[in-house]
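Chain by chain, the residues run as shown.
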Amino acid sequence: MNPSKKAIIIGGSIGGLFAANLLLRAGWDVHIYEQVAAELESRGAGIVTHPELFDALREAGVIVDASLGIQVEERITLDRNGIQIGSLHYPQILTAWGRLFALLIAAFPSERYHGGKVLSTFQQDPNSVTAHFTDGESVSADLLIAADGLRSKVRQTLVPNASPQYAGYIAWRGMVEESVLSPRALKEMFPYFAFGLPEQEQMIAYPVAGKNNSVEPGKRRYNFVWYRPADETTSLRDMVTDASGKIWPEGIPPPLIQTHHLEHARASARQVLAPQFAEMIEKTEHLFFQPVFDLESNQLAFGRIALLGDAAFVARPHVGMGVTKAAEDAQSLVRELTTHDDLSTALEQYQTARLTSGKHIVARARGLGAYMQAQISTPHERAMAEKYRSAGMVMSETAVSLKGK
Ligand SMILES: Cc1cc2nc3c(=O)[nH]c(=O)nc-3n(C[C@H](O)[C@H](O)[C@H](O)COP(=O)(O)OP(=O)(O)OC[C@H]3O[C@@H](n4cnc5c(N)ncnc54)[C@H](O)[C@@H]3O)c2cc1C
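As the structure is a computational prediction, the values presented were derived from the model and not from experiment. (Residues numbered from 1 in each chain as written. Predicted model: local features only at pLDDT ≥ 70, side-chain atom pairs only at ≥ 80, totals over all residues. Heavy atoms only, no water.)

*Asks:* Can you help me understand the site of the ligand in this one?
*Replies:* Taken together, 30 residues are adjacent to the ligand, and Ser 13, Gly 15, Glu 34, Trp 97 and Asp 310 come closest. In the model, an oxygen atom of the ligand is placed 2.8 Å from a nitrogen or oxygen of the Gly 15 main chain. The separation between a nitrogen atom of the ligand and a polar main-chain atom of Leu 119 is 3.0 Å. Within the complex, the protein chains bury 87% of what would otherwise be the 910 Å² of accessible surface of the ligand. Those elements that provide at least two residues to the shell around the ligand are α1 (14-25), β2 (29-34) and α9 (322-339). Counted by class, the shell around the ligand contains 13 nonpolar, ten polar and seven charged residues. (Near = heavy atom within 4 Å. Polar contact = N/O pair within 3.5 Å; in protein donor to acceptor, adjacent residues only side chain to side chain. Areas by Shrake-Rupley, 256 points an atom, 1.4 Å probe, with all protein chains shown as cover. Helix = DSSP H or I, 4+ residues; strand = E, 2+ residues; numbered from the N terminus. Nonpolar A, V, L, I, M, F, W, Y, C, P; charged D, E, K, R; others polar.)

*Asks:* Before we go on, may I ask you to explain the sheet that holds strand β7 (residues 119-124) in this structure?
*Replies:* Two modes of strand pairing occur in sheets, parallel and antiparallel, and in both the strands are linked by backbone hydrogen bonds. Spatial strand order, β7-β8-β9: three strands in an open sheet with antiparallel pairing. In this open sheet, the two strands that pair with only one neighbour each are β7 and β9 (138-141). Neighbouring strand axes in the sheet, compared pairwise and without regard to direction, differ in orientation by 20° on average. Alignment of strand β8 (residues 129-133) against β9, held across four bridges, turns out to be antiparallel. Each bridged residue has a counterpart across the sheet, and for Ala 131 the counterpart in β9 is Val 139. (Pairing = 2+ DSSP bridges. Axes fitted to C-alpha atoms, helices over the stretch in contact; angles between N-to-C directions.)

*Asks:* Could you clarify how one ought to interpret the domain arrangement of the protein chain in this entry?
*Replies:* Reports of interface size often rely on the accessible area that becomes lost once the parts have come together. By domain assignment, the protein chain separates into domain 1 (6-42 + 108-163 + 294-371) and domain 2 (69-93 + 166-293). Computed from C-alpha atoms alone, the centre-to-centre distance between domain 1 and domain 2 is 30 Å. Listed by partner, the interface residues are eight residues for domain 1 and twelve residues for domain 2. In total, about 970 Å² of surface goes out of reach between domain 1 and domain 2, with carbon and sulfur atoms giving 48% of it. Taken as a group, Arg 151, His 318 and Tyr 371 account for 57% of the area that domain 1 buries against domain 2, more than any other trio of residues on that side. Here domain 1 is connected to domain 2 by one salt bridge. Among the salt bridges present, the one from Glu 250 reaches Arg 151, with a minimum N-O distance of 3.5 Å. (Domains from an automatic or database assignment. Contact = heavy atoms within 4.5 Å. Buried area = accessible area lost by both parts, 1.4 Å probe. Salt bridge = Lys/Arg side-chain N within 4 Å of Asp/Glu carboxyl O.)

*Asks:* Help me understand the nonpolar core in this model?
*Replies:* Across soluble globular proteins, nonpolar side chains have a tendency to be buried as a group. Of all hydrophobic cores here, the largest spans 100 residues; its most connected members are Phe 18, Leu 23, Leu 57, Leu 143, Leu 144, Phe 193 and Leu 337. Residue contributions to this core peak at nine residues, all from helix α10 (residues 343-369). Split by domain, this core shows at least three residues from each of two domains, domain 1 (6-42 + 108-163 + 294-371) and domain 2 (69-93 + 166-293). With sequence-adjacent residues up to four places away left out, Phe 193 is seen in contact with Val 48, Val 72, Glu 74, Arg 75, Ile 76, Gln 92, Leu 94, Ile 204, Ala 205, Tyr 206 and Ala 399. With 36 residues, the next largest nonpolar core counts Ile 76, Ile 252, Phe 277 and Phe 293 among its residues. (Core = buried A, V, L, I, M, F, W, Y, C linked by side-chain atoms within 4.5 Å. Buried < 20%, exposed > 50% of the residue type's maximum accessible area, 1.4 Å probe, protein only.)

*Asks:* Would you mind showing me how to read α1 here?
*Replies:* Note on helix geometry: an α-helix contains 3.6 residues per turn, so any two residues three or four positions apart are oriented the same way. Between its terminal C-alpha atoms α1 stretches 17 Å, which fits the 16 Å expected from twelve residues at 1.5 Å a residue. The element α1 is largely enclosed, with a buried count of eleven among its twelve residues. Looking at α1, one finds that the buried residues are Ile 14, Gly 15, Gly 16, Leu 17, Phe 18, Ala 19, Ala 20, Asn 21, Leu 22, Leu 23 and Leu 24. Of the residues one or two after α1, Gly 27 is the one with positive phi, at around 95°. (Expected span 1.5 Å × (residues − 1).)

*Asks:* Help me out: how do you make sense of the sheet that holds strand β6 (residues 113-115) in this one?
*Replies:* If you walk across this open sheet you meet the six strands as β6-β2-β1-β10-β17-β16, and the pairing is mixed. Because the sheet does not close on itself, it has two edges, and the strands there are β6 and β16 (301-302). This element, α10, spans β10 (143-146), β16 and β17 (305-307) of the sheet and lies at about 15° to β17.

*Asks:* Can you walk me through the packing of α1 against helix α3 (residues 97-106) in this structure?
*Replies:* Helices that pack against each other are described as a pair by the angle of their axes relative to one another and the distance between those axes. Between α1 and α3, the shortest axis-to-axis distance is 10 Å and the interhelical angle comes to 25°. By the angle between their directions, the pair α1 and α3 is classed as roughly parallel. Here α1 and α3 pass one another in a crossing that is left-handed. Residues Ile 14, Leu 17, Phe 18 and Asn 21 of α1 pack against Trp 97, Leu 100, Phe 101, Leu 104 and Ile 105 of α3. Tallied by class, the residues present in the contact of α1 with α3 amount to eight nonpolar, one polar and no charged. (Parallel < 35°, antiparallel > 145°, perpendicular 65-115°, else oblique. Left-handed = near helix turned anticlockwise from the far one by under 90°.)

Below, the structure is given as structure tokens:
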């Protein structure tokens, strides 16, 4: 191992683990610092995979086989009465965040993963970069990778004006056990990547592995994301207010969502969604919602510091690219670091490559989501909202591989 090539990674989630595994395999001395002390736990949602993700997993030292997730063959759209009004053959593997996290952390030496380390400040000079943690420890290295997510401390310090933007709609999310669904839902919904398109709303649902990553029939789960407009200053504000009156503008912790909002969501599901979807929501134990945000950066390289994953760009979920984009950022960064001996040249090359693709992904996701926005403010948004209101367009453009697009 070359001791002159030392890297610190802030954030030990998917982006940090991809970068760490790839750098380690490229001969770097790399350590991850993650603020959460215990093992990270899934936020309970599924992940759509793409061929690009499998390539990155293999490069990161992960064996990709059938245990990764559930293969579906077809996409369908169900109307308000539960009748299939469209279908599209699109084979895809659906997995869970927890599954990917488990595979990536198993590939990384545990003595190099430091939990319970909260980055407080950092500084750099021509020779090194130093991270200071809230427990008083400081660590220096040649390179610092900020994989610290949407609310990145590193990005907020370096570019205070690059902040997440609320998209104008929220996503109700959850998972239901396969074993509790009715025969009708099991037959007409469960085997599919299923869509619903009520006016100005969108339902997306697909099967994922169940408890202990089981893909055995009967033990799987069905995961959904239901987008609904919510005006920032009225409905959203009300929804992110807890029973004590505290407002959580960045998203309310699921246990604090007030019961009447959950009841309203279930009642609305019965009114506007296919009965199969309404049943799924009715039977979901932990129903929760998240406001949808996106984030765009204009700079990713800052001397010895690089932004990566959600710290750099966050696209609305319609492109299904969060994990894949983080993986591709890590691949690109490590490729440039391997090609160029000079660190700042490598980081500038990385920035050039990933700024273009990050902006492309964010713009594409905004187009797909315009249909759900509480307010349409530009002619382009209106055009996009019109374009993505038909079942055919939505099924062929949502969460698909962007290779060549
Ligand atoms: C626990 C967890 C569960 C998730 N579950 C899902 C899911 O089910 N479905 C889905 O689509 N996406 C999920 N995501 C988001 C998904 O991982 C990202 O959208 C995407 O993979 C990009 O990952 P990232 O590593 O760049 O950012 P993130 O996954 O957001 O990771 C950022 C990491 O940085 C750490 N961090 C932040 N600030 C500091 C600091 N100051 N010091 C040290 N560490 C810090 C955070 O604790 C976090 O682990 C989850 C993220 C996390 C952290």
